[in-house]
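Examining the three-dimensional arrangement
Read off the chains here:
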Amino acid sequence: MNRLPNVAFRVAVAAFILCSGASRIKAQAPASPPPAQEPTKDADDQQNPFAPQPAQPLPPGMTGSDTNDPRYKLTPGLYDAGETSMGLKHLLLLKKPDAFQLGVDNPDDPKVAKTIGQLGIGPGDLTKIPKELQMIIAQLAFGNSDMAFEGNHLFQGNFYGVSIYDISDPAKAALLTTMVCPGGQGDVSVYKNLLFMSVEMPNGRIDCGTEGFPPEPPPLPGHEKDKRLPVAQKDRFRGVRIFDISDIKNPKQVAAVQTCRGSHTHTLVVDPNDKDNVYIYVSGTSFVRQAEELAGCSGETPDKDPNTALFRIEVIKVPVAAPQDAKIVSSPRVFVDPRTGAINGLSNGGSHGKGAEKPADTDQCHDITVYSAIGLAAGACSGNGIILDIKDPVHPKRLDAVNDPNYSYWHSASFSNDGTKVVFTDEWGGGLGARCRPNDPNKWGADAIFHLKDDKLTFASYYKMPAAQGDTENCVAHNGSLIPVPGRDIEVQAWYQGGVSVMDFTDAAHPTEIAYFDRGPIDANMMVLGGDWSAYWYNGAIYGSEIARGLDVFELTPTQFLTQNEIDAAKAARVALLNVQNQQKLEWPAQLVVAKAYVDQLKRSQALPADRIAALQKAIQSAESSHMSKSTLAKLQRMAPSLEKSAATAKSPADSQRLHALVDILKHPSA
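**A look at the overall build of the chain**
Counting its regular elements, the chain contains 10 helices and 30 strands. Computed over C-alpha atoms, the radius of gyration of the chain comes to 25 Å, within 12% of the 26 Å expected from 2.2 N^0.38 for 671 residues, which places it in the range of a compact globule. In terms of principal-axis extent, the alpha carbons of the chain reach across some 90 × 50 × 50 Å. Expressed as a percentage of the 671 residues in the chain, the buried residues total 61%. Sequence separation of at least 24 residues holds for 64% of the intrachain contacts in the chain that already meet a minimum separation of 6. By element, 52% of the accessible surface of the chain is carried by carbon and sulfur atoms, the whole surface being about 24800 Å². Between the mean site of the 65 positive side-chain charges and the mean site of the 76 negative ones, the chain shows a separation of 4 Å.

So this is what it looks like as structure tokens:
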């Protein structure tokens, strides 16, 4: 796609399309210097970036998505699109609250121009934007973003604020309240009575006001292509907001920590050795504000300013009992070259995008997933995937880094529960483009699965949602979480208008899809940003944050790939809260339903003869029917030694682990 007409316009649109800066609008642009300061083309040279792009032939040796899949030709619509699924039951769609609706469908409605104006786009710039694109920009001002969970509450971020839902009964989820607080992208996390929100866009105000700021003045004649930043504003806020949610229906802002690049995303970090504080890793991907607006900010390259706000993350320390005292305590240079000390020490190594063949420095992380139980974090950092040591959360240290010419923008990461694998996503095109068409290679805009051993990453395979999508469906890998099926590595993942896909990556070299849900395009003729931003499992249900429509709720259903016992065992692993980028170690109770899940898996993999499987199933059923009588429990315990022997000779490490876990339950089952 071509670059957009001017900096103010690009900044606003880039922030809204999930991935700030021209490098995210134009997928092949380099990650440094800062995107918002790049020169632009004349408006006459522009194309509508939301328009369908012409099909290109597949590169030699690459394959595309499946056009025979039922997801390929679903009927379009906003709330009446065609739907199809396998292994997922769609329980509910809750439409976005009125506060987060544009409320008009006519691009000439004054509300459209007013909304765009609040983003800093003046009337002169507006005339250069096609009407259909004006409508899309205005709609994006109210797009849903990421989610967090605590107890019976779901917190759904939005570029305009936060929605809070009661999910005590997932099938009857209900809106509790909305909090209007513009600034995008509104990613949220939660800890006890505190809610954290990322703010990146230039219309964010310290007081959560909705008026934004005056449109930027036009450039002086002859200076139309000069690098420009939004005029400094004393009331502008870009960083991390902190709210007290003790009164769940009336959140109150108690702190607002400013950062130089704002907060595109953030990660809540809980230090097992520090009960009094939590930490926030801030990932800023947008332009660096000028020092006149926030002292100490510099967007210069390292050779011009070694204190540049590029090439770093921020760490915010939050005293749980006094969140108003939250402050930045370090700015780790996670891209440094350990040999030379150069802070721009990582490169993407070049990419497949046209014009991006030359290596470019990596100067930002998009998402960082921490796994405190193993003392590691996985950073998806635009040009690289990295592994960090976070045993000292204030001073994370890079242990390893990888790049991949098939990757355009490293976006997010997930660990397997045992910490031996990492799934990285590639948000090629920033979530804007149609990247699941038949002519789009399955290695582009996909997941990359790595083995992790001795703190080093080794590539295993790619995974991409297999169904082809149309020219007007933005589709690329995005946010997901583990589903706690014992004995397997399973992740549910959002693919924007590609819907929701559930992937089994137990065998890292051969990941497979085991469930899905999809709708037809929002519009059959024009790209409209929509679809599921994130899809997360939380205590028995799957929730999807649908950008344009609202909140999706799903449940798993049994198929040949997943049994009811496995689903029930997953439901037995419960957590008190969930911030997906703060990954928790999943644990299962020693219940017989978990044992039944292991038996189903051993049957599927043919790890035990059919007669032994039948005997195990009968013995477990007898124990359940007898309400755990001593005689039936004794029979289960007598079966354990032979299973231990089978574990030693199992065909695969996965089956060996399942057998050991099954033995542990049979020896000491709990009610």
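**Observations concerning the pattern of salt bridges**
Evaluation of the coordinates by the stated rule reveals 24 salt bridges. Across the pair Arg-71 and Glu-513 runs a salt bridge whose closest N-O atoms are separated by 2.7 Å. Remark: Glu-513 occurs in strand β26 (residues 512-519) and Arg-71 occurs in the loop between α2 (22-25) and β1 (83-86); sequence separation between them is 442 residues. Here Arg-71 and Glu-513 have matching classes, each one buried. One salt bridge connects Asp-504 with Arg-488, and the closest N-O pair in it is separated by 2.7 Å. With Asp-504 in strand β25 (residues 500-504) and Arg-488 in the loop between β23 (479-482) and β24 (490-494), this residue pair connects regions lying 16 residues apart in the sequence. Overall, Asp-504 belongs to the buried group, its relative accessible area being 10%. Connected via shared salt-bridge partners are Arg-205, Asp-207, Glu-211, Lys-234 and Asp-235.

**Looking at helix α8 (residues 610-625)**
Every α-helical turn comprises 3.6 residues, leaving residues that sit three or four positions apart pointing alike. In a regular helix each residue adds 1.5 Å, so 16 residues correspond to 22 Å; α8 covers 22 Å between its end C-alpha atoms and thus fits that length. Here α8 has its buried residues at Ile-613, Leu-616, Ala-619, Ile-620 and Ala-623. Down the axis of α8, the buried set is contained in an arc of 130°. They therefore lie on one face. Exposed residues lying more than 90 degrees from the buried face of α8 are Ala-610, Asp-611 and Lys-618. With its phi angle positive at about 55°, His-627 sits one or two positions after the end of α8.

**Quick look at the pairing of β24**
Here β24 lies mainly inside the structure; 5 of its 5 residues are buried. Both faces of β24 are covered, namely the face carrying Ile-490, Val-492 and Ala-494 and the face carrying Glu-491 and Gln-493. With 3 bridges connecting them, β23 and β24 associate as antiparallel partners. Bridge pairing in β24 links Ser-481 to Val-492. As judged from the 5 bridges shared by β24 and β25, these two strands associate in the antiparallel manner. From the neighbouring strand, Gln-493 faces β25, where its bridge partner is Ser-501. Linkage of β24 to β25, two consecutive antiparallel strands, is achieved through a turn of 5 residues, within which Tyr-496 is found at a positive phi near 55°.

**Observations regarding the nonpolar core**
The tendency in soluble globular proteins is for nonpolar side chains to be buried side by side. Membership of the largest hydrophobic core comes to 27 residues, with the highest contact counts inside it found for Leu-102, Val-112, Ile-116, Ile-129 and Ile-137. Counting residues per element, the ones that place at least two in this core are α3 (110-117) and α5 (131-140). Per-element tally for this core: the top contributor is α5, with 6 residues. Membership of the second largest hydrophobic core comes to 26 residues, among which are Leu-592, Leu-602, Leu-662 and Ile-665.

Quick notes on the rules
- Residues numbered from 1 in each chain as written.
- Predicted model: local features only at pLDDT ≥ 70, side-chain atom pairs only at ≥ 80, totals over all residues.
- Heavy atoms only, no water.
- Helix = DSSP H or I, 4+ residues; strand = E, 2+ residues; numbered from the N terminus.
- Rg over C-alpha atoms; globule rule 2.2 N^0.38 Å.
- Buried < 20%, exposed > 50% of the residue type's maximum accessible area, 1.4 Å probe, protein only.
- Contact = heavy atoms within 4.5 Å.
- Areas by Shrake-Rupley, 256 points an atom, 1.4 Å probe, with all protein chains shown as cover.
- Lys, Arg positive; Asp, Glu negative; His and termini not counted.
- Charge placed at Lys NZ, Arg CZ, Asp CG, Glu CD.
- Salt bridge = Lys/Arg side-chain N within 4 Å of Asp/Glu carboxyl O.
- Expected span 1.5 Å × (residues − 1).
- Arc of directions from axis to C-beta.
- Pairing = 2+ DSSP bridges.
- Core = buried A, V, L, I, M, F, W, Y, C linked by side-chain atoms within 4.5 Å.

Purely spatial values, then, with no claim about function.
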